[in-house]
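Structural description and commentary
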Amino acid sequence: MKYLRQLKIAVLYPENGAGSALDRNNRIAVFLFAILPGLSPNFNSFILLGSMVWGLCCLATGGLALNLSKSDRLVAIGISIYPLVMIASIFVNPPYSEELDWIFRLLPFFSVWLLLPRMRHSPDGRLVPLFILGAGIGMIVTFLFSLLQIMFLMERAEAGTSNAALLGVIGVLFGGIALLNVQSPKSVEQRIAILGYAAGLGCVLLSGTRSAWLVIPVHIVIFLWYFRKHSFHLSLRSLAITGSLLFAGLIALGSGQILHRIEALQQNMASLERSDGEVTSLSARFALYKGAVSAIRKDPLTGYGPQNRMASVLAELPDSLRPQLTYSHVHNGFLTAGIDAGIFGIAALSLMLATPVIGAWRKEAGPGRDLAIALALLLVSSYVITGSFGIMFNQKALDPIFAYLVALICVDRGSTGFAPVVRS
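Going by the annotation in an unreviewed UniProt entry, the name recorded for the protein is O-antigen ligase family protein, with Rhizobium redzepovicii given as the source organism. Per UniProt, the protein has the following entry under Subcellular location (unreviewed entry): "Membrane".

**Quick word on the overall build of the protein**
In terms of helices and strands, the protein carries 17 helices and zero strands. For the protein, the residues scored as buried account for 55% of the 424 residues in total. For the protein, contacts bridging at least 24 residues in sequence account for 77% of all contacts bridging at least 6. With the model as given, the accessible surface of the protein reaches about 18,400 Å², and the carbon-plus-sulfur share is 67%.

**Side note on the packing of helix H4 (residues 70-92) against helix H5 (residues 99-106)**
Where H4 meets H5, the closest approach of the two axes is 10 Å, and the angle between their N-to-C directions is 175°. By the angle class used here, H4 and H5 are roughly antiparallel. Residue-level inspection shows Tyr82, Pro83, Met86, Ile87, Ile90 and Phe91 of H4 in contact with H5, the latter providing Glu99, Trp102, Ile103 and Leu106. Here the residues of the contact of H4 with H5 are counted per class, giving nine nonpolar, no polar and one charged.

**Here we look at the packing of aromatic side chains**
Applying the stated criterion to the full structure yields 13 aromatic pairs. Measuring from ring centre to ring centre gives 6.2 Å for Trp225 and Tyr226, while their planes differ by 50°; the resulting arrangement is tilted. A residue is classified by how much of its surface remains accessible, and Tyr226, at 1% relative accessible area, is buried. One aromatic cluster is present, built from ring pairs that chain together Tyr82, Phe109, Tyr383, Phe393 and Phe402. Over the face of the ring belonging to Trp102 we find Arg105, whose NZ or CZ atom lies 4.1 Å from the ring centre. Here Arg369 stacks its cationic end above the ring of Trp361, 4.7 Å away from the centre of that ring.

**Structural notes on a nonpolar patch on the surface**
Together, Ile9, Leu12 and Tyr13 give the surface a local cluster of nonpolar side chains, amounting to about 290 Å² of exposed area. Inspection of the secondary structure puts Leu12 in helix H1 (residues 2-12).

**A few points about the side chain of Ser146**
Relative to the elements of secondary structure, Ser146 occurs in helix H7 (residues 127-151). Exposure remark for Ser146: the relative accessible area of 0% places this residue in the buried category. Not counting residues within four places of it along the chain, the set of residues in contact with Ser146 comprises Ala157, Ala159, Leu167, Cys203 and Leu206.

**Observations concerning the environment of Glu189**
Mapped onto the elements of the fold, Glu189 is located in helix H9 (residues 187-207). Using a relative accessible area of 0% as the deciding quantity, one classes Glu189 as buried. For the pair Glu189 and Ala178, spaced eleven residues apart in the sequence, the C-alpha separation amounts to 9.6 Å. Those residues in contact with Glu189 that sit more than four places away from it in its chain are Tyr3, Leu133, Asn181, Ser184, Pro420, Val421 and Val422.

**Side note on H7**
If you check H7, its first and last C-alpha atoms are 36 Å apart, about what 25 residues at 1.5 Å a residue would give, namely 36 Å. Two residues or fewer past H7, Leu153 is found with a positive phi of approximately 70°.

**Topic: the pattern of salt bridges**
One pass over the full model with this rule turns up seven salt bridges. Among the salt bridges present, the one from Arg27 reaches Asp23, with a minimum N-O distance of 3.3 Å. Here Asp23 and Arg27 lie together in helix H2 (residues 20-35), a separation of four residues that amounts to about one turn. Residue classification places Arg27 among the buried residues on the basis of a relative accessible area of 2%. When its relative accessible area of 4% is taken as the criterion, Asp23 is described as buried. Arg120 is the salt-bridge partner of Asp72, the closest N and O atoms lying 2.7 Å from each other. Pair noted here: Asp72 is in helix H4 and Arg120 is in the loop between helix H6 (112-119) and H7, with a separation of 48 residues, a long-range link.

**Structural notes on H6**
Note: α-helices contain 3.6 residues per turn, so residues at a spacing of three or four share the same orientation. In terms of burial, H6 is a largely internal element, seven of the eight residues being buried. Among all positions in H6, only Val112, Leu114, Leu115, Leu116, Pro117, Arg118 and Met119 are buried. Elements in contact with the buried residues of H6: H2, helix H3 (41-61), H4, H7 and helix H17 (398-411).

**As for the nonpolar core**
Ranked by size, the top nonpolar core spans 93 residues in total, and within it Phe131, Leu180, Tyr383, Phe393 and Tyr404 carry the most contacts. If you tally residues by element for this core, the top one is H17, at eleven residues. Discounting residues that sit within four places of it in the chain, Tyr383 has contacts with Leu173, Leu353, Ser388, Met392, Phe393, Leu398, Ile401 and Phe402. The next biggest cluster of nonpolar side chains, apart from the first, holds 16 residues, and it includes Ala284, Leu288, Ala292 and Ile296.

**Quick notes on the packing of helix H8 (residues 164-179) against helix H11 (residues 215-229)**
Between H8 and H11, whose axes approach to 11 Å, the crossing angle comes to 20°. By the angle between their directions, the pair H8 and H11 is classed as roughly parallel. Relative to H11, H8 is oriented so that their crossing is right-handed. Every residue of H11 that contacts H8 at Val172, Leu173, Gly176 and Leu179 is listed here: Val215, Ile216, His219, Phe223 and Phe227. Looking at side-chain class alone, the contact of H8 with H11 contains seven nonpolar, two polar and no charged residues.

What counts, and where the lines are drawn
- Per-chain numbering applies: the sequence of each chain, read as written, is numbered from 1 onward.
- Per-residue local features of the predicted model are confined to residues with pLDDT of at least 70, and side-chain atom pairs are confined, for both listing and counting, to 80 or more; whole-chain, interface and lining totals are unaffected and use all residues.
- Side-chain measures here rest on the full set of heavy atoms in the structure, leaving out hydrogens and waters.
- UniProt positions are given in the numbering used here, feature names are shortened, and annotations may be inferred rather than shown by experiment.
- Strands here mean DSSP runs of E at least two residues long; helices mean DSSP runs of H or I at least four residues long; both are numbered from the N terminus.
- Partly exposed describes any residue whose relative accessible area lies between the buried limit of under 20% and the exposed limit of over 50%, with all areas from a 1.4 Å probe on protein chains only and scaled to the type maximum.
- Residues count as neighbours in contact if any of their non-hydrogen atoms are within 4.5 Å of one another.
- Every accessible area reported is derived by Shrake-Rupley at a probe size of 1.4 Å, with residue values counting cover from the shown protein chains alone.
- The axes are straight lines fitted to the C-alpha atoms, using for helices just the contacting stretch, and the angles between their N-to-C directions are given from 0 to 180°.
- To sort the angles, those under 35 degrees are grouped as roughly parallel, those over 145 as roughly antiparallel, those from 65 to 115 as roughly perpendicular, and the leftovers as oblique.
- Any residue outside Ala, Val, Leu, Ile, Met, Phe, Trp, Tyr, Cys, Pro, Asp, Glu, Lys and Arg is labelled polar, Gly included; the first ten of those are nonpolar and the last four are charged.
- Classification of ring pairs uses Phe, Tyr and Trp, with its six-membered ring standing for Trp, and accepts pairs whose centres are within 6.5 Å; under 30 degrees between planes counts as stacked, over 60 as edge-to-face, and the remaining range as tilted.
- Here, a charge over a ring is recorded when the distance from Lys NZ or Arg CZ to the ring centre is within 6 Å and its angle to the ring normal is within 35 degrees.
- Like charges are joined within 9 Å and nonpolar side chains (Val, Leu, Ile, Met, Phe, Trp, Tyr) within 5 Å, but only among residues with over 30% relative accessible area and no salt bridge; these make up the patches.
- When a carboxyl oxygen of Asp or Glu is within 4 Å of a side-chain nitrogen of Lys or Arg, the pair counts as a salt bridge.
- Multiplying 1.5 Å by the helix residue count minus one yields the expected span of that helix.
- Definition of nonpolar core: a set of buried residues of the types Ala, Val, Leu, Ile, Met, Phe, Trp, Tyr and Cys, connected through side-chain atoms within 4.5 Å.
- Crossing handedness: left-handed means the near helix sits turned counterclockwise from the far one by under a right angle, and right-handed means the same turn made clockwise.

What follows is the structure, encoded as structure tokens:
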């Protein structure tokens, strides 16, 4: 309880000095943004949109300066090219359909221009640890919500996302971010880090998102790199015992879902060898990939525009398959970008995915740079691996999360050391 009171003070109450109220608002927004993705992704969009509108008003009235470094501008330009290419593809590929809706969906990718000046009003090293702590707390609550869903006989947990695959992406990403708090000298924050990571993996298992399973070993390599350079305050013996118990618990809890999803994959693979025309999750993906590649080959330069995405893919497939493929994307982020805007769309998407790493790598050497690189690698690997087999962007949750994390990765100097959220 004492820690909770201290955390409330650290988040809600401004310190003395100029700009302290803005710093407090930054802390509240960052903390809530980290907690909410698995519980209600719509609120992440609201937070991002509110921050953008507020930043735009302050820039227009002179209350906020566009104090972006050369590296910041490079990242902001790199991430902005993707929505600009997509908007261009909308207008060069008639017939037009809901173009304003498509443009509105792309607005989060312009947010870095407005988020960074706002975040820079907080002292270095304040916001990122708060986000990491919030990710751990959010994952613990999200896991309990997911567990209740499974107990009430839902086939796959969704928590508050309304999409099991989306929960899998959020779980593996935010669980990984939470574990970075093991380096905190506060024992409470260390426990939240370990429990948050375990909860994130629990969400991945209960959601049955197989593509997110593939991210876990990649994240482990990132942790080994980061923690070899930066010591953490848990003994290896304590960490090994705690980790083993949590791992055994997760396997026991998620064994049914794991076996079910593996069995489903085996059945899908077996159905590919039959010629009975049955459409499964796996065969649908193969059909969508085949249709997407064929469509891209026919128009590799401009694509078809996101408004014509699925119509162009389905046109390449047999008539018997079309009614059964009621999807809004082709379950591969790169092919989706190629359908939307051709090779320019794929190039713009690849550049945008590289911007977190570019922003982190260009910092001056120091602990802040290493933490930013770890965050960037966790973010990019989560999106690339899961997005190669399912959803990547064009989602109400994943687009704001990516843009917000890019801003957080850029906000601190490379020389900024890690500090716990509760410092007293």
